[in-house]
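Residue strings, one per chain:
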Amino acid sequence: MYANVILPMPLDGTFSYAVPAELADKTGVGFRVIVPFGKKHYYTGLIESLTAEKPDHINIREIVDVLDDKPIVRPEQIQFWRWMSEYYLCTIGEVFKAALPAGLKIESETRISIDERATPEDFATLGSDALAMVEFVRSQNSVTLDAATAKSEVPRAGAVITALIEDGILSVSEKLVERYRAVRKPYVRPTLARGDAAAMEEAFRVLKRSPRQEEALMALITLSSFYKTDTPLVEVPLDVLLDRSGVTRTIVKGLEERGYAEIYNKEISRFSSSGGPCKELPALSPAQDKALDRIHIDFRDKDIVLLRGVTGSGKTEIYIHLIDFVLREGRQALFLVPEIALTTQLTRRLQSVFGKRVVIYHSKFSDNERVDIWRRMLESDEPCVVIGARSAVFLPFGRLRLVIVDEEHEASYKQYDPAPRYNGRDAAVVLASIHRAKTLYGSATPTVETYYKALNGKFGLVELTERYGDARMPSLDIVNMKSERGRRAVSGYFSHRLLDATLDAVNRGRQAILFHNRRGYAPLARCKMCAFTPKCDFCDVSLTYHKRTNRLVCHYCGAEYAVPQLCPECKEPAIEIVGYGTERLEDEISANFRDRRVLRMDLDTTRNKEGYSRIIDEFSAHKADILVGTQMVTKGLDFGDVELVGVLNADSLINFPDFRSAERAFNMIEQVAGRAGRRDGSGRVIVQTYNPESPILAFAAAHDYEGFYRHELEERRAFGFPPFTRIINVYLKHRDVAVVTECASKFSTMLRATFGNRVSPPQEPGVSRVQGLFIRKIMLKIEANVSMKRVKEILRQSYVELTASPLARGLSVYYDVDPV
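These lines cover the structure that appears in this document, whether it is placed above or below. Residue positions are counted from 1 within each chain, in the order its sequence is given. Only residues with pLDDT of 70 or above have their local features reported here, since the model is predicted, and side-chain atom pairs are shown and tallied only from 80 upward, although totals for entire chains, interfaces and linings are computed over all residues. Here the side-chain values reflect all heavy atoms present in the structure, with hydrogen atoms and water set aside.

Examining the pattern of salt bridges
Then step 1. The salt bridge definition used is simple: a Lys or Arg side-chain nitrogen within 4 Å of an Asp or Glu carboxyl oxygen. Summed over the entire model, instances satisfying the criterion amount to 53 salt bridges.
Then step 2. Between Glu317 and Arg349 there is a salt bridge whose closest N-O contact spans 2.6 Å. Of the two residues, Glu317 is situated in helix 12 (residues 315–328) and Arg349 in helix 13 (residues 340–354); the sequence distance between them amounts to 32 residues.
Then step 3. Residue Glu317 is classed as buried on the basis of its relative accessible area of 17%. The way it works is that DSSP assigns letters per residue, a run of H or I at least four long becomes a helix, a run of E at least two long becomes a strand, and they are numbered from the N terminus. We call a residue buried when its accessible area falls under 20% of the maximum for its residue type, exposed when it is over 50%, and partly exposed in between, using a 1.4 Å probe and counting protein chains only.

So, the sheet that holds strand 24 (residues 544–546)
Strand pairing in a sheet takes place through backbone hydrogen bonds and is either antiparallel or parallel in direction.
Then step 1. The sheet built from 3 strands is open, its strands ordered 24-25-26 with antiparallel pairing. Each edge of the open sheet carries a strand with a single partner, namely strand 24 and strand 26 (560–562). Put simply, the sheet's adjacent strands are angled 35° from each other on average, direction ignored.
Then step 2. DSSP bridges decide pairing: two strands pair if at least two such bridges lie between them. Pairing between strand 25 (residues 551–553) and strand 26: 3 bridges, direction antiparallel. Bridge pairing in strand 26 links Val553 to Glu560. Only the stretch in contact is used when fitting a helix axis, every axis being a line fitted to C-alpha atoms; angles between N-to-C directions are given from 0 to 180 degrees.

Considering the pairing of strand 28 (residues 598–601)
As a general feature of sheets, a regular strand has side chains that alternate between the two faces.
Then step 1. Burial along strand 28 is two-sided: the face carrying Val598 and Arg600 and the face carrying Leu599 and Met601 are both buried.
Then step 2. Sheet topology note: the strand 28/strand 29 (residues 626–629) ladder contains 4 bridges and is parallel. Its bridge partner lying in strand 29, Leu599 is registered against Leu627.

Re the packing of aromatic side chains
Then step 1. Note on aromatic pairs: the rings of Phe, Tyr and Trp (six-membered ring only in Trp) are paired at centre separations within 6.5 Å, and the planes decide the class, stacked below 30 degrees, edge-to-face beyond 60, tilted for the rest. Scanning the model with the defined rule gives 25 aromatic pairs in all.
Then step 2. When the centroid spacing of 5.9 Å and the interplanar angle of 80° are considered together, the rings of Tyr441 and Phe459 count as edge-to-face. With Tyr441 in strand 17 (residues 438–443) and Phe459 in the loop between helix 16 (448–455) and strand 18 (460–464), the pair connects residues that are 18 residues apart, well separated along the chain. Residue Tyr441 shares its accessibility class with Phe459, and that shared class is buried.
Then step 3. Grouped by ring-pair contacts, the aromatic residues Phe80, Trp83, Tyr87, Tyr88, Phe394 and Tyr422 constitute a single cluster.
Then step 4. Here, a charge over a ring is recorded when the distance from Lys NZ or Arg CZ to the ring centre is within 6 Å and its angle to the ring normal is within 35 degrees. For the cation-ring pair, Lys266 lies above Tyr187, with the distance from its terminal atom to the ring centre recorded as 5.2 Å.
Then step 5. Taking the ring centre of Tyr814 as reference, the NZ or CZ of Arg421 above it sits at 3.8 Å.

Points about helix 1 (residues 75–87)
Then step 1. The terminal C-alpha atoms of helix 1 lie 19 Å apart, and with 13 residues this matches the ideal 18 Å at 1.5 Å per residue to within 8%.
Then step 2. Taken together, the buried positions of helix 1 are Gln77, Ile78, Phe80, Trp81, Met84, Ser85 and Tyr87. One fewer than the residue count of a helix, multiplied by 1.5 Å, yields its expected span.

A short note on the pairing of strand 12 (residues 304–309)
Then step 1. Extensive coverage of strand 12 is indicated by the burial of 6 of its 6 residues.
Then step 2. The side-chain alternation of strand 12 yields two buried faces, one formed by Ile304, Leu306 and Arg308 and the other by Val305, Leu307 and Gly309.
Then step 3. The pairing of strand 12 with strand 17 spans 5 bridges and is classified as parallel. Residue pairing across strands places Leu307 opposite Gly442, the latter belonging to strand 17.
Then step 4. The pairing of strand 12 with strand 18 spans 5 bridges and is classified as parallel. Among the inter-strand pairings, Val305 is bridged to a residue of strand 18, identified as Gly460.

Details of the packing of helix 8 (residues 211–223) against helix 9 (residues 238–245)
Then step 1. Interhelical geometry of helix 8 versus helix 9 gives an angle of 120° and a closest axis separation of 9 Å. Classified by the angle their axes make, helix 8 and helix 9 are oblique. Crossing handedness for the pair helix 8 and helix 9: right-handed. On helix 9, the residues touching Glu215, Ala216, Ala219, Leu220 and Leu223 of helix 8 are Val240, Leu241, Arg244 and Ser245. Should an angle fall under 35 degrees it is taken as roughly parallel, and over 145 as roughly antiparallel, whereas 65 to 115 is taken as roughly perpendicular and any remaining angle as oblique. Each crossing gets its hand from how the near helix is turned against the far one by less than a right angle, where anticlockwise is left-handed and clockwise is right-handed. Contacts: residue pairs with any heavy atoms within 4.5 Å of one another.

What about the nonpolar core?
Across soluble globular proteins, you tend to see nonpolar side chains buried next to one another.
Then step 1. Throughout this description, the term nonpolar core refers to a set of buried Ala, Val, Leu, Ile, Met, Phe, Trp, Tyr and Cys residues connected via side-chain atoms within 4.5 Å. Counting residues in hydrophobic clusters, the biggest one holds 153 residues, and the most contacted among them are Phe80, Trp81, Leu334, Phe335, Val386, Leu732 and Phe747.
Then step 2. The element that contributes the greatest number of residues to this core is helix 25 (residues 737–755), accounting for 8 residues.
Then step 3. Ala203, Ala216, Leu255 and Ala261 belong to the second largest nonpolar core, which has 23 residues in total.

Comments concerning the side chain of Gln345
Then step 1. Within the secondary structure, Gln345 sits in helix 13.
Then step 2. A distance of 2.9 Å separates the side chain of Gln345 from the backbone nitrogen of Asp638, its partner in a polar contact. As used in this structure description, the phrase polar contact means that two N or O atoms lie within 3.5 Å; if the pair is within protein, one of them must be able to donate a hydrogen and the other to accept it, and residues adjacent in sequence are counted only when both atoms belong to side chains.

A look at a nonpolar patch on the surface
Then step 1. Any residue with relative accessible area above 30% and no salt bridge may belong to a patch, with like charges joined within 9 Å and the nonpolar Val, Leu, Ile, Met, Phe, Trp and Tyr side chains within 5 Å. The accessible surface values rely on the Shrake-Rupley method and a 1.4 Å probe; as for residues, cover is taken only from the protein chains in view. A grouping of Met1, Val29 and Leu50 is seen on the molecular surface, where their side chains present a nonpolar patch of about 220 Å² in accessible area.
Then step 2. Of note, Val29 is situated in the loop between strand 2 (15–18) and strand 3 (32–37).

Quick word on unusual backbone geometry
Then step 1. Following Asp417, the chain continues into Pro418 via a peptide bond in cis, with omega recorded as -5°.
Then step 2. Tracing the sequence through the fold places Pro418 in the loop between strand 16 (400–406) and helix 15 (424–434).
Then step 3. Cis peptide bonds are those with omega within 30 degrees of zero, and the linkage from Pro722 to Pro723 qualifies with 20°.
Then step 4. You can see Pro723 is positioned in the loop between helix 24 (705–719) and strand 32 (726–734).
Then step 5. With phi around 70°, Ala531 is a residue other than glycine that occupies positive phi space.
Then step 6. Here Ala531 lies in the loop between strand 23 (524–527) and strand 24.
Then step 7. The backbone of His622 sits at a positive phi, close to 60°, despite the residue not being glycine.
Then step 8. Take His622: it is sitting in the loop between helix 20 (609–620) and strand 29.
Then step 9. Its relative accessible area of 25% is what places His622 among the partly exposed residues.

Side note on the sheet that holds strand 30 (residues 642–647)
Then step 1. Strand order in this open sheet of 6 strands is 19-31-30-22-29-28, and the pairing throughout is parallel. Each edge of the open sheet carries a strand with a single partner, namely strand 19 (475–480) and strand 28. Neighbour-to-neighbour, the strand axes of this sheet turn through a mean angle of 20°, independent of strand direction.
Then step 2. On top of the sheet, helix 18 (residues 496–507) reaches strand 19, strand 22 (511–515), strand 29, strand 30 and strand 31 (684–689); it is set at about 160° to strand 30, its chief contact.
Then step 3. Docked against the sheet, helix 22 (residues 661–673) engages strand 19, strand 22, strand 30 and strand 31, running at close to 155° with respect to strand 30.

Focus on the packing of helix 16 against helix 24
Then step 1. For the pair helix 16 and helix 24, the least separation of the axes is 11 Å and the interaxial angle reads 100°. Considering the angle they form, helix 16 stands roughly perpendicular to helix 24. Across the interface between the two elements, Val448, Glu449, Tyr451, Tyr452 and Leu455 from helix 16 touch Tyr705, Glu706, Tyr709, Glu712, Leu713 and Arg716 from helix 24.
Then step 2. Its residues assigned to classes, the contact of helix 16 with helix 24 comprises 7 nonpolar, no polar and 4 charged. Amino acid classes used here: Ala, Val, Leu, Ile, Met, Phe, Trp, Tyr, Cys and Pro are nonpolar; Asp, Glu, Lys and Arg are charged; the rest, including Gly, are polar.

Focus on helix 9
Then step 1. Three or more residues of helix 9 are buried, namely Leu238, Leu241 and Ser245. Summarising the axial view, the buried residues of helix 9 lie within an arc of 60°, below the 170-degree limit, and thus occupy one face. Away from its buried face, by an angle of more than 90 degrees, helix 9 presents the exposed residues Asp243 and Arg244.
Then step 2. Tucked into the core, helix 9 has its buried residues touching strand 9 (183–190), helix 8, strand 10 (236–237) and helix 10 (249–257).
Then step 3. Phi turns positive, to about 75°, at Gly246, one or two residues after helix 9. Starting at the helix axis, one direction is taken to each C-beta atom, and the arc is that of these directions.

Set out below in structure tokens:
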């Protein structure tokens with residue numbers, strides 16, 4: 001028997017392996033297997049199919065081991081992976097690598113250690129770098145090759161390691177490493193035969209001389225329901241027994257030594273069930289009730305329905321009623337959100353209604369936690385609702401009935417790097433169709449493509465045009481920063497109108513949110529004398545200053561640099577920090593409002609999963625008056641006391657060189673405005689701009705989504721952008737700028753031979769070098785009804801022809817389908 005195995009690597013197709021006779025009855029489709037690949041490496045693969053027909057290969061290697069006694073994925077998942085690899089122009093191995101939690105993948109690890117045969121004389125002749133590497137490896141006993149290269153701080157570490165291996169001072173070994181660690185907890189059970197009164201009497205007679213052990217046995221018998229022989233024995237955690245009986249572990253160990261009890265370890269879940277009783281479903285207003293009925297009606301003949309509701313209209317309450325309907329059917333629901341921050345508030349609202357049937361899944365969980373959730377979903381088809389970010393689409397659902405995509409317009413649903421570069425919103429629709437489930441999109445500002453499909457009948461459309469409880473939409477004031485600076489009505493980055501409005505709001509016990517879409521302290525450092533600007537050594541970008549660490553940081557590759565005391569160009573001590581990021585805004589707001597507490601929400605303050613909940617909890621409890629943040633604060637958060645929202649630089653959103661920039665700017669302004677006045681309708685929004693005549697701001701000020709949609713649709717129609725076409729961006733990367741430029745030109749010419757003027761000439765993207773690789777982009781516009789499978793075949797043929805040239809050695813090519 002032979003297996004077609006998916007491997008977690010960017011190589012097309014599956015790989016054939018022979019199934020040894022001793023493993024033939026232990027394997028099947030969806031099982032994980034350990035297989036050799038290359039000369040020394042071993043990988044965790046997944047069996048996609050089995051066949052008795054021998055493949056047309058000379059040497060077929062054998063599967064080394066089978067890791068499971070049952071499939072670790074469902075057939076629907078493999079079908080979903082296949083679609084994703086075909087649509088997003090990547091390999092199924094890349095999808096497999098992204099989908100399966102790392103804790104479920106066992107891989108070989110290259111380790112280096114001091115060779116036992118090395119003598120003191122060998123070390124005596126080593127140079128300083130080699131000695132430093134030897135000392136680093138010796139201090140670790142043995143170390144992975146990656147860690148030795150990255151953490152040893154030895155210059156040219158890779159070359160030093162290679163020389164030491166060749167000289168016989170370091171040795172290399174391959175080791176299979178499993179990273180998943182289950183949580184195990186000690187339990188205790190009585191070992192006496194149930195119903196044997198004589199044995200029980202004898203046990204207590206013996207323990208008369210050991211009263212503490214007697215107390216422990218009595219507590220164990222009570223807790224385990226030992227005497228209730230018509231029911232299974234209750235498993236008793238050791239800590240519960242110790243707490244109930246008041247004895248120590250040594251006493252219980254004594255019971256075990258006498259043969260009256262057994263202490264054993266049991267694997268348990270890392271997640272505790274939600275405490276507290278479940279509440280009733282939230283009451284719906286007449287408008288919400290009508291919208292809910294309309295959704296049910298549309299689902300009869302539409303697989304996808306768009307719920308367009310203005311901010312604060314109560315879409316979440318409708319979601320809860322739909323989820324309740326699904327759970328009562330004994331089915332499962334998936335609730336997707338664009339940001340992990342949104343899971344904090346939504347999880348509590350859902351748990352208050354559905355209790356322990358709420359499952360949370362996102363990338364901030366550890367590998368071990370993600371494996372536990374994966375196994376829970378795989379081993380049980382119990383009714384539940386999964387709430388998570390885009391990666392939740394990969395979970396092994398068994399009875400999926402409904403997928404809700406909240407804030408469907410958000411670009412955060414898009415995965416950029418690494419592959420698969422999928423959109424969680426669109427992937428969710430395909431996932432639902434595979435399970436014959438329904439999909440509900442929700443947004444106050446749906447994407448132009450989504451609203452276009454809804455108006456043209458492809459999707460159902462339900463609309464909520466008023467806020468819940470008759471609350472009014474917030475007023476929006478546009479502040480012309482050019483004229484404000486002219487009359488000196490500006491302090492730093494803030495207009496006096498915004499500062500005065502913030503002071504007024506917090507003095508009356510209300511809260512304010514200030515939105516600025518740039519993190520860090522300042523976007524660049526610059527020499528006052530010669531205008532020199534420090535840039536990243538590996539990327540074509542200026543460095544951002546972070547005050548907390550007093551370092552210059554590249555936001556593309558993460559490289560950090562010290563702030564130069566002297567300008568490297570003119571040698572003058574004239575380096576200054578220029579511009580504003582959220583860290584600097586936090587400092588200045590704190591200085592302006594010294595008696596008020598200010599919080600900041602951006603990537604730097606939310607690097608762990610507790611960061612989101614801490615900030616949201618404190619602001620919700622009014623432990624802070626002002627929240628400063630990046631786009632995280634624009635997305636669906638619900639704070640009852642927020643009266644004022646300030647958009648500090650609308651121009652940075654509007655003037656971005658991208659065909660979606662107008663849509664993105666309108667959505668962000670409208671969404672962040674929606675955080676104000678959600679309870680009593682007294683919200684106010686102040687937008688600072690140097691271009692107050694922008695039509696985008698006029699639409700936002702009037703909360704006129706439909707007007708914006710009509711304006712934007714005509715722009716897209718005139719220039720041939722989605723929804724009238726589909727876009728694929730082809731990216732080429734190489735360390736040599738001349739090579740990538742020539743290869744991009746050749747590739748563009750090849751594609752034009754088939755696609756004609758649908759192919760744009762190669763362009764330098766806004767950031768043309770990242771991590772030492774120069775980048776070129778080719779845009780391909782194709783009709784929306786063209787087969788992606790056929791497009792992939794053409795791109796693949798062109799790629800093979802391009803890379804046949806020696807010039808293309810080291811060239812990387814990848815595709816971004818439906819960029820956002």
